[in-house]
Amino acid sequence: MKENAFYMIKIKKDLLSYLIDHNVYEIQSDQDINSKIYDEMEEKQTFPLLIFVFYKTNIGTYKAEEIKLCSGKTIGDNKISFEEIVNTNSVLKMENFQSKLNIDLKKDFDYNRYVSKENAIELYNEFKNELLYAKVTSKKNIYNKEEDMIYEMYSKAHDISHTYGSVLSECNCIAYSNKGKKTDRNPFERDRDRIIHSKAFRRLVDKAQIFTSSKGDHYRTRMTHTLEVTQIARSIAKRLNLNESLTEAIALGHDIGHTPFGHQGERTLDLILNGNLAIIHQINDIPDLKQRFKHNYQSLRVLTLLENKYLEYEGLNLTYLTLEGILKHTKIHAKDSPDYDIEDFFNYPYSDKLSLDSEHSITLEGQVVAIADEIAQRAHDIDDAFKSGKINHDTFYKLCDFRSKPELIEIDKEIKKDMNKSENGNLLIDYNDMYRAQLCSKIISYFIDDVVNTFKSNRHPELFNQKEHKWTKKVIHFSETAMRINDILDNMIKQLVLNSAEVSRFDQTASDIITELFKYYYSNPLSLGDGTLRRLFKEMSKYTDNCICLRGSDIELVREEIDKIIKADLTEKNLDNKNEYIVKRKLLARCIADHISGMTDTFAINEYRDIKGITKTF
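Rules used throughout
- Residues numbered from 1 in each chain as written.
- Predicted model: local features only at pLDDT ≥ 70, side-chain atom pairs only at ≥ 80, totals over all residues.
- Heavy atoms only, no water.
- 1 Å grid on protein atoms, 1.4 Å probe; cavity = no way out; pocket = protein on both sides within 12 Å on 5 of 7 lines; lining within 4 Å.
- Points joined across faces, edges and corners; volume = space filled by probe spheres on them.
- Helix = DSSP H or I, 4+ residues; strand = E, 2+ residues; numbered from the N terminus.
- Phe/Tyr/Trp six-rings, centres within 6.5 Å; stacked < 30°, edge-to-face > 60°.
- Buried < 20%, exposed > 50% of the residue type's maximum accessible area, 1.4 Å probe, protein only.
- Lys NZ or Arg CZ within 6 Å of the ring centre and 35° of its normal.
- Nonpolar A, V, L, I, M, F, W, Y, C, P; charged D, E, K, R; others polar.
- Salt bridge = Lys/Arg side-chain N within 4 Å of Asp/Glu carboxyl O.
- Pairing = 2+ DSSP bridges.
- Expected span 1.5 Å × (residues − 1).
- Contact = heavy atoms within 4.5 Å.
- Core = buried A, V, L, I, M, F, W, Y, C linked by side-chain atoms within 4.5 Å.

**Q** Could you clarify how one ought to interpret the layout of surface pockets in this entry?
**A** Left-over empty space is what a probe sized like a water molecule reveals as it rolls over the atoms. Put simply, the second largest pocket is a space of about 570 Å³. Around the second largest pocket, the lining comprises 25 residues; the ones closest to its centre are Lys199, Arg203, Leu306, Thr532 and Arg535. Looking at the lining of the second largest pocket, the elements with two or more residues in it are helix 6 (199–203), helix 10 (295–306), helix 18 (530–541) and helix 20 (578–597).

Now the structure itself:
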């Protein structure tokens, strides 16, 4: 029969002798309990029980000392036996529970102790789950069973396709076991599928690459960029006979942690978290409050924490090889201090499996995705620049000729030759549009050929650690000639596109929106969504038991707690729980960054309009 109530023993701290050694409460008088309640208890085998221990202060007020949640049963002779499930002495948690249950300590505790029935089983279960979550996710208790971290081994011969490629037998490095689940997909295929079906992946469709999607449907977004990187990476992996599933998984997830408004959104969040934009109270007075933001690290946070689709664990439970490749598709160290702290982003055990001592990916597949990212950017940035009118054929030709790069001039001549041949047969083509399309295609082909040929002619087997199955140096790269061409194209985009008035205005607007959103959420944490506030509570629970969820708790306690988190002077030496509130302030800032970085461009703009009261189209 489903329980609809729990029973509560209320007892003074100085009368705990009634809870004798073997967890038994002995009823002393009729004042302790209504006989009907005891009869009801006797009819049950077990029942939910809460023991509320309180004390009287020197000024005559009553305070909670401890709350124990237990499983209880009667054992005759007016005795109640209990087995403790979880307990807390967190003042915040106890006061919040007391408020929700509407307990008036002064009124209810006229007797020194007694037992009552409370028709609020939902509140009991909510409180129990809250305390249990805090217990199992605390930093000291999490991930302590090695056997739970090992993934079953794979050794299908057809999957071991290349001496230096990543093989499935290397997939014994996954955070949580998938034992008992279907294994018709190999681990890398499962990684790929989980990334594709994530919410964060879908949001890439409305995140800017250079130009916001509102400029036009044919400009790249973070989603189309991701798909192009995946195509290029798979082309290289196939020609080098590498593991295509791992390559695809890394490529599809490499930008999943990106902010709205491209790299400007990323830079702005980093400036805020690092204290260069002074929004977080006392951030420049307390070094421990400083944090960093970078999209490749945020991708790990999204995939190991923020995406919640499974009951058994947080995140998507991807292989470490996939996560390592995603992290290292771009630089992993900051130019200034403090450096990026992997513990701020990575929610799984054994971060050493990410080989953070190596700037490059330890797998060829990861290195392939990193260079495919470069190739895709060069090609589609030029494509978008042509469409926007920032570059035309003459500009491109002059820049290439000026730098005397015969490879690019040869590409130009080849395109013109092909187009002149076809003009007689197709009079309806748009010359500039066709030139742009052919140019991007040939640039991609040129770089793919160069990467493949450069690796094949310089395999450097001595750089491959056979025992640990990892590359000790970066071996997937451009030739010297291709590197110079890449630099020319990159500088061309910076000079003619990124330095343009249009892009500059877009970047400034993006920075203003991100800054104002962060200010608003930091000053008004309750304006954050339910999911973000639940996550903040979960993150705080990993560090301290003395925390409450800011949504759904007693409003006076919540307001007081918010004031301490965002406004308290944490430099004061005599402040109680100072270190605790430094952590809470830091976690609030991180969760706000999570919330903003997960937004699409459109959502961020609309949210900005809402908080500013702007009704006209932005």
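Picking up after the structure, the text goes on.
**Q** Mind showing me how you'd approach the packing of aromatic side chains here?
**A** We describe a pair of aromatic rings using the distance from one ring centre to the other and the angle between the two ring planes. Going through the model one piece at a time under the given rule, you end up with 16 aromatic pairs. Plain terms: the ring middles of phenylalanine 464 and tryptophan 471 are 5.1 Å apart, the flat faces sit at 55° to each other, and that makes the pair tilted. A relative accessible area of 1% means that tryptophan 471 is categorised as buried. Members of the aromatic cluster, connected to one another through ring pairs, are Tyr297, Tyr340 and Phe345. Directly above the aromatic system of tyrosine 310 lies the positively charged group of arginine 194, at a separation of 4.4 Å from the ring centroid. Positioned above the aromatic ring of tyrosine 581, the side-chain terminus of lysine 584 is 4.3 Å from the ring centre.

**Q** Would you take a moment to explain empty space enclosed by the protein for this structure?
**A** Within this structure, the stated rule accounts for 2 cavities of 30 Å³ or more. Taken as a whole, the largest cavity holds about 50 Å³ of empty space. Taken together, the elements giving at least two residues each to the lining of the largest cavity come down to helix 2 (91–101) and helix 4 (121–136). When grouped by side-chain class, the residues that make up the lining of the largest cavity number 3 nonpolar, 1 polar and 4 charged. Of the volumes computed, that of the second largest cavity is approximately 40 Å³. Lining the second largest cavity are Leu305, Asn308, Glu314, Arg535, Lys538 and Glu539. Tallying contributions element by element places helix 18 first for the lining of the second largest cavity, with 3 residues. Looking at side-chain class alone, the lining of the second largest cavity contains 1 nonpolar, 1 polar and 4 charged residues.

**Q** Where do I start with the pattern of salt bridges in this structure?
**A** Where side chains of opposite charge bring their charged atoms close, a pairing between them can arise. As enumerated under the stated definition, the model contains 41 salt bridges in all. For lysine 117, the salt bridge identified is with glutamate 40, shortest N-O distance 2.9 Å. Linking lysine 117 in strand 7 (residues 113–118) with glutamate 40 in helix 1 (residues 35–42), this pair joins segments that are 77 residues apart in sequence. Look at lysine 117 and you get partly exposed, because its relative accessible area is 31%.

**Q** What is the right way to look at unusual backbone geometry in this model?
**A** Among all residues save glycine, negative phi is the norm, and among peptide bonds the norm is trans. With an omega dihedral of -5°, the bond running from serine 337 to proline 338 counts as a cis peptide bond. Within the chain, asparagine 78 stands out as a residue other than glycine whose phi angle is a positive 55°. As for its position among the elements, asparagine 78 is in the loop between strand 5 (62–74) and strand 6 (79–88). Residue glutamine 282 is not a glycine yet carries a positive backbone phi of 65°.

**Q** I'm lost on the pairing of strand 5 in this one. Help?
**A** The two faces of the sheet receive side chains in turn, since in a regular strand these alternate between them. Where strand 4 (residues 47–56) lies against strand 5, 10 bridges are found, and the strand directions are antiparallel. If you follow phenylalanine 54 over to strand 5, its bridge partner there is alanine 64. Counted along the chain from strand 4 to the antiparallel partner strand 5, the turn is 5 residues long, and its residue glycine 60 has a positive phi close to 90°. In this structure, strand 5 lies alongside strand 6, joined through 8 bridges in antiparallel fashion. The residue of strand 6 that forms the bridge with serine 71 is glutamate 83. Connecting strand 5 to the next strand, strand 6, in antiparallel fashion are 4 residues, including glycine 76 with a positive phi near 85°.

**Q** What exactly am I supposed to notice about helix 21 (residues 601–612) here?
**A** Because each turn of an α-helix spans 3.6 residues, side chains separated by three or four positions in sequence point in the same direction. A rise of 1.5 Å per residue sets the reference length of helix 21, with its 12 residues, at 16 Å; its end C-alpha atoms lie 17 Å apart and thus fit the reference within 8%. Of the positions making up helix 21, those classed as buried are Asp601, Ala604, Glu607, Tyr608 and Arg609. Of the surrounding secondary structure, the elements contacted by the buried residues of helix 21 are helix 17 (501–523).

**Q** What exactly am I supposed to notice about the pairing of strand 4 here?
**A** Counting buried positions along strand 4 gives 8 out of 10 residues, so the element sits mostly inside the fold. Pairing of strand 1 (residues 6–12) with strand 4, which is carried by 6 bridges, proceeds in the parallel orientation. In the sheet register, isoleucine 9 faces strand 4, and the bridge partner there is isoleucine 51.

**Q** Mind showing me how you'd approach the nonpolar core here?
**A** Across soluble globular proteins, nonpolar side chains show a tendency to be buried alongside one another. Among the nonpolar cores identified, the biggest contains 80 residues, and Ile236, Phe396, Leu439, Ile476 and Leu489 are the most heavily contacted of them. At 10 residues, the largest contribution of residues to this core is made by helix 12 (residues 364–388). Sequence-distant contacts of isoleucine 236, that is, excluding residues within four places in its chain, are made with Val368, Ile371, Ile375, Ile448, Val451 and Val452. Counting 48 residues, the second largest nonpolar core, distinct from the first, contains Leu273, Phe506, Phe518 and Ile592.

Interpretation note: all reported values are geometric properties and have no functional meaning in isolation.
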